[in-house]
Amino acid sequence: MTLTSTGLLALAGLAAGLAGSMAGLASLFSYPALLAAGLPPIAANVTNTVAMLSTAVGSAAGSRAELRGQRRRLGRLLGMAVLGGSAGAVLLLTTPTSAFELIVPWLIALGSGLLLFRDRIRDAADRARTEGGEGGSAVPSAVAVVLVAVYGGYFGAGAGVLMLAVLSAAVTEPLPVTNAVKNLATGAANATAALAYAFLAPVDWLAAAVLGMGALLGSWLGPAAVRRLPERPLRISIALAGFGLAAHLWLSASPA
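Small disclaimer: the values here were computed from a predicted structure and weren't measured. (Residues numbered from 1 in each chain as written. Predicted model: local features only at pLDDT ≥ 70, side-chain atom pairs only at ≥ 80, totals over all residues. Heavy atoms only, no water.)

K.L.:
Account for the environment of F117, with residues named and values stated.
P.N.:
Structurally, F117 can be placed in the loop between α7 (98-116) and α8 (118-132). C-alpha of F117 to C-alpha of I236: the two residues are 119 residues apart in sequence and 9.1 Å apart in space. (Helix = DSSP H or I, 4+ residues; strand = E, 2+ residues; numbered from the N terminus.)

K.L.:
Can you explain the pattern of salt bridges? Please cite residues and give values.
P.N.:
Considering all chains together, one arrives at one salt bridge under this definition. In this structure, E173 engages R73 in a salt bridge whose closest nitrogen and oxygen atoms are separated by 2.9 Å. Of this pair, E173 sits in the loop between α10 (159-170) and α11 (175-200) while R73 sits in helix α6 (residues 71-94); the two residues are 100 residues apart in sequence, bridging distant segments of the chain. Accessibility assignment for this pair places E173 and R73 in one class, buried. (Salt bridge = Lys/Arg side-chain N within 4 Å of Asp/Glu carboxyl O. Buried < 20%, exposed > 50% of the residue type's maximum accessible area, 1.4 Å probe, protein only.)

K.L.:
Can you lay out the environment of S168 for me, pointing to particular residues and giving the numbers?
P.N.:
Tracing the backbone shows S168 in helix α10. Residue S168 is classed as buried on the basis of its relative accessible area, which comes to 0%. For the pair S168 and N179, spaced eleven residues apart in sequence, the C-alpha to C-alpha distance is 8.8 Å.

K.L.:
Can you explain the packing of α6 against helix α9 (residues 138-154)? Please cite residues and give values.
P.N.:
The geometry of α6 relative to α9 is characterised by a closest axis approach of 6 Å and an angle of 40° between their N-to-C directions. Relative to α9, the element α6 is oriented oblique. As for how α6 packs across α9, the hand of that crossing is right-handed. For the pair α6 and α9, the contacting residues are L77, M80, A81, G84, G85, A87, G88, A89, L91 and L92 in the first and A142, V145, V146, A149, V150, G153 and Y154 in the second. In the contact of α6 with α9, the residues fall into 13 nonpolar, four polar and no charged. (Axes fitted to C-alpha atoms, helices over the stretch in contact; angles between N-to-C directions. Parallel < 35°, antiparallel > 145°, perpendicular 65-115°, else oblique. Left-handed = near helix turned anticlockwise from the far one by under 90°. Contact = heavy atoms within 4.5 Å. Nonpolar A, V, L, I, M, F, W, Y, C, P; charged D, E, K, R; others polar.)

K.L.:
I'd love a proper account of the UniProt feature "transmembrane region" (unreviewed entry) in the protein chain, names of residues and values included.
P.N.:
When the UniProt feature table is mapped onto this chain, "transmembrane region" (unreviewed entry) is found at residues 42-62, 74-93, 99-117, 138-171, 205-222 and 234-253. Annotation note: span residues 42-62, helix share 95%, strand share 0%, distance between end C-alpha atoms 31 Å. As annotated, residues 205-222 comprises 100% helix and 0% strand, and the C-alpha atoms at either end are separated by 25 Å. (UniProt positions renumbered as here; feature names shortened; annotations may be inferred.)

K.L.:
Go over a nonpolar patch on the surface, please, and point to the residues and values.
P.N.:
There is a patch of nonpolar side chains on the surface, built from L93, L195, F199 and L200 and spanning about 470 Å² of accessible area. Ranked by residue count, the leading element in the nonpolar patch is α11, at three residues. As for its position among the elements, L200 is in helix α11. (Patch = residues over 30% accessible without salt bridge, like charges linked within 9 Å, V, L, I, M, F, W, Y side chains within 5 Å. Areas by Shrake-Rupley, 256 points an atom, 1.4 Å probe, with all protein chains shown as cover.)

K.L.:
I'd love a proper account of the confidence of the model for the protein chain, names of residues and values included.
P.N.:
Overall, the prediction assigns the protein chain a mean pLDDT of 83, with 90% of residues at 70 or greater. By mean pLDDT, α8 is the weakest element of the protein chain at 64, and α6 is the strongest at 93. (pLDDT = per-residue confidence, 0-100.)

K.L.:
Break down the packing of aromatic side chains for me, citing the residues and quoting the values.
P.N.:
For the coordinates displayed, the defined rule picks out one aromatic pair. Ring plane angle 80° and centroid distance 5.4 Å describe the contact between Y31 and F155, whose orientation is recorded as edge-to-face. Taken together, the residues span a long stretch of sequence, with Y31 in helix α2 (residues 27-36) and F155 in the loop between α9 and α10 at a distance of 124 residues. Here Y31 and F155 have matching classes, each one buried. (Phe/Tyr/Trp six-rings, centres within 6.5 Å; stacked < 30°, edge-to-face > 60°.)

K.L.:
Go over empty space enclosed by the protein, please, and point to the residues and values.
P.N.:
Inspection of every chain in the model, using the stated rule, returns two cavities of 30 Å³ or more. Here the largest cavity is characterised by a volume of approximately 260 Å³. A26, M52, T55, T186 and N190 are, among the 24 residues lining the largest cavity, the residues nearest its centre. Looking at the lining of the largest cavity, the element that brings in the most residues is α11, giving five residues. Residues of the lining of the largest cavity, tallied by class, amount to seven nonpolar, 16 polar and one charged. (1 Å grid on protein atoms, 1.4 Å probe; cavity = no way out; pocket = protein on both sides within 12 Å on 5 of 7 lines; lining within 4 Å. Points joined across faces, edges and corners; volume = space filled by probe spheres on them.)

Spelled out as structure tokens, the structure:
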């Protein structure tokens, strides 16, 4: 890597860490930066997955207040995330890339829409829980978490948006708490996939290290920013950024 590309990846990592810990949109910065540094799409994808492990570490360190009392919930979510992340890694390593390049923008757009209309979804979920009991939505929520984790292990760009949308619809709680739980769930899926990619995929370790160091700092700072920013404008901004990422990926996947 050149000095310029190294600096680009470090700055992209910082931005990715902030965006990932706050909004689940780390790859909005990191994946394009890896492509700009000269990595081909598959190498950029797996290198990005490995590098973004640091966002889970940094955000967990910065979210200790929000994660208090969440141990049992996290145990269930992390188990589902590991299962999904493993399946996603297997899919990536055994199938052509053209399929996910076409479907990824639509998944991200769906997640952004869910996040944008989160309050209405919460109201519907509350009515369903009232009518069917507290356990009524457990199975659909668990399936959704696993599917998002599969996507996270498969490609990952925007997986945090999808996970935040799913968790926001399932539980009524402050956004910083949901955001902190989301960071660990997506981090578990990434870690499982990254373990497979480390041995079976063309990871660029130097690029992953530079990107990861910047992301570690950004993700540590991100939770503090979430605590201080008003919830509704932040949520709308996250959703709009998700639509922007979907449009970018759709244009990149469209034939010239």
